[in-house]
Amino acid sequence: MKDNEFNYYNKIKNWDFSQINCEIESLTNWDISKILNEKATKKSRILDLGTGGGEVVINEFPVALEIVGTDFLPEMIKTANNNLKKSNKKNIKFRIMDNLNMDTDDNYFDIVVARNTCIDARQIYKTLKKDGLLLVRGVDKLDCWQLKRLFNKGQAFNDTKPISQIDYENILDAGFKNVELIPIYEREYYKTKEDLLALLLKTPILNDFSEGHENNNLKEDNIDMQILNRYIENNTTNREILLRRRYYGIIANK
Ligand SMILES: C[S@@+](CC[C@H](N)C(=O)[O-])C[C@H]1O[C@@H](n2cnc3c(N)ncnc32)[C@H](O)[C@@H]1O
């Protein structure tokens, strides 16, 4: 499964969502960036796992003593370093690291952040200082569920246990305290069918990353347009196409 994900992210490494015309309505009040900015101080050391192109770290992370963004994809780190050069931000470093084979020092970070990426709770526990904070945000099994049911496939479609629950239990089992799992509900409104299609081609929503299933390397020609049209017919209000998103947040202390 890891190789599939590596290939997948390698393929879509130049993603650019800015062209997609979409409005987001939050139904839940849990914002990982807001919490991070409230909890961090100028003395914090922060680790961002699966950091991607670094835009969020550079633009949304608080000023801190040290921020390290890591990703297992060399191209992502290259992009992140290019983005960093263009910014005036200090105390930020990007480097390659596999989240499942972490090489960071023990008892070193005050905060570890993992947004939309996989985690190993025990390794995060080791690298956090005592009382250090873990913040996770991920995509839940029930994300875009109506769409996935129509296509009869999708990210986590065949998982028997939702990833949110697996992460939550692993975080508890690693020894964390004050562990809270928060369901996050959002509505997205797409202007056109092309906007929705662009999203589906750039994200793994209709790919199958479930354990034991091969990644089907989604291409335009294997999105069944009849099914997509049916979804759009049933979910268009005021000429905008509604997609119901389900994420989860986890907050915990070492
Ligand atoms: C969906 S993107 C999220 C990027 C960023 N965290 C964000 O939320 O905007 C997932 C990122 O996790 C990285 N990733 C996936 N599995 C990883 C692993 N085992 N170790 C390190 N990075 C990983 C991918 O390369 C990709 O950059």
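Quantities reported herein were computed from a predicted structural model and do not represent experimental measurements. (Residues numbered from 1 in each chain as written. Predicted model: local features only at pLDDT ≥ 70, side-chain atom pairs only at ≥ 80, totals over all residues.)

Enquirer: Whenever I open this one, the environment of Leu200 confuses me. Can you help?
Expert: Along the chain, Leu200 falls in helix H8 (residues 193–202). Here Leu200 falls in the buried class, since 20 other C-beta atoms lie within 10 Å of it. If we ignore the near neighbours within four places in the chain, the residues touching Leu200 are Ile205, Leu206 and Ile223. (Helix = DSSP H or I, 4+ residues; strand = E, 2+ residues; numbered from the N terminus. Buried ≥ 20, exposed ≤ 12 C-beta atoms within 10 Å, placed from the backbone. Contact = placed C-beta atoms within 7 Å.)

Enquirer: When you look at the site of the ligand in this model, what are you seeing that I'm missing?
Expert: In the vicinity of the ligand, 17 residues are found, and the nearest of them are Gly50, Gly52, Phe72, Asn99 and Arg115. Its residues assigned to classes, the shell around the ligand comprises 7 nonpolar, 6 polar and 4 charged. (Near = placed C-beta within 6 Å. Nonpolar A, V, L, I, M, F, W, Y, C, P; charged D, E, K, R; others polar.)

Enquirer: I tried to follow the environment of Asn170 on my own but got confused; where do I start?
Expert: Along the polypeptide, Asn170 turns up in helix H7 (residues 163–173). The class of Asn170 is partly exposed, set by 17 C-beta atoms lying within 10 Å. Considered as a pair, Asn170 and Ile119 are 51 residues apart in the sequence and their alpha carbons are 9.4 Å apart.

Enquirer: In this structure, what is going on with the confidence of the model for the protein? I would like to understand it.
Expert: Close reading of the predicted structure is inappropriate where its pLDDT is low. Per-residue confidence for the protein gives a mean pLDDT of 90; residues scoring 70 or more make up 88%. Considering only residues more than four positions removed or in separate chains, one finds that residues 210–216, a stretch of pLDDT under 50, has 16 contacts. (pLDDT = per-residue confidence, 0-100.)

Enquirer: Honestly, the nonpolar core in this entry has me stumped. Any pointers?
Expert: For soluble globular proteins, nonpolar side chains are generally found buried alongside one another. Ranked by internal contacts, the top residues of the largest apolar core, which has 35 residues, are Ile46, Ile111, Val112, Val113, Leu134 and Leu135. A per-element tally of this core places strand E6 (residues 128–139) first, with 6 residues. In this structure Val113 touches Leu36, Ile46, Asp48, Leu49 and Leu135, once residues within four positions along its chain are discounted. With 10 residues, the next largest nonpolar core counts Tyr190, Leu206, Tyr231 and Leu243 among its residues. (Core = buried A, V, L, I, M, F, W, Y, C linked by C-beta atoms within 7 Å.)

Enquirer: Could you clarify how one ought to interpret unusual backbone geometry in this entry?
Expert: Working note: non-glycine residues mostly have negative phi, and peptide bonds are mostly trans. One non-glycine residue, Asn107, lies in positive phi territory at about 50°. Turning to its location among the elements, Asn107 is positioned in the loop between strand E4 (92–96) and strand E5 (109–115). Phi is positive for Asn178, close to 50°, though the residue is something other than glycine. Mapped onto the fold, Asn178 is located in strand E7 (residues 177–190). You can call Asn178 exposed: it has 11 C-beta atoms within 10 Å.

Enquirer: Please clarify how H7 should be interpreted in this entry.
Expert: The periodicity of an α-helix, 3.6 residues per turn, causes residues three or four positions apart to be oriented the same way. All of the buried residues in H7 are Ser164, Asp167, Tyr168 and Ile171. Taken end-on, H7 shows its buried residues confined to a sector of 100°, consistent with a single buried face. Taken together, the buried residues of H7 touch helix H5 (121–127), E6, E7 and strand E9 (240–253). One or two steps after H7, the chain reaches Gly175, where phi turns positive at roughly 110°. (Arc of directions from axis to C-beta.)

Enquirer: Could you clarify how one ought to interpret the pairing of E5 in this entry?
Expert: Within a regular beta strand, the side chains point alternately toward one face of the sheet and then the other, so they alternate between its two faces. Counting buried positions along E5 gives 7 out of 7 residues, so the element sits mostly inside the fold. Bridge analysis of strand E2 (residues 45–49) against E5 gives 4 bridges, and the strand direction is parallel. Each residue of the ladder has a partner; that of Asp48, found in E5, is Val113. Crossover E5 to E6 through H5 is right-handed. (Pairing = 2+ DSSP bridges. Right-handed = clockwise from strand over helix to strand, strands pointing away.)

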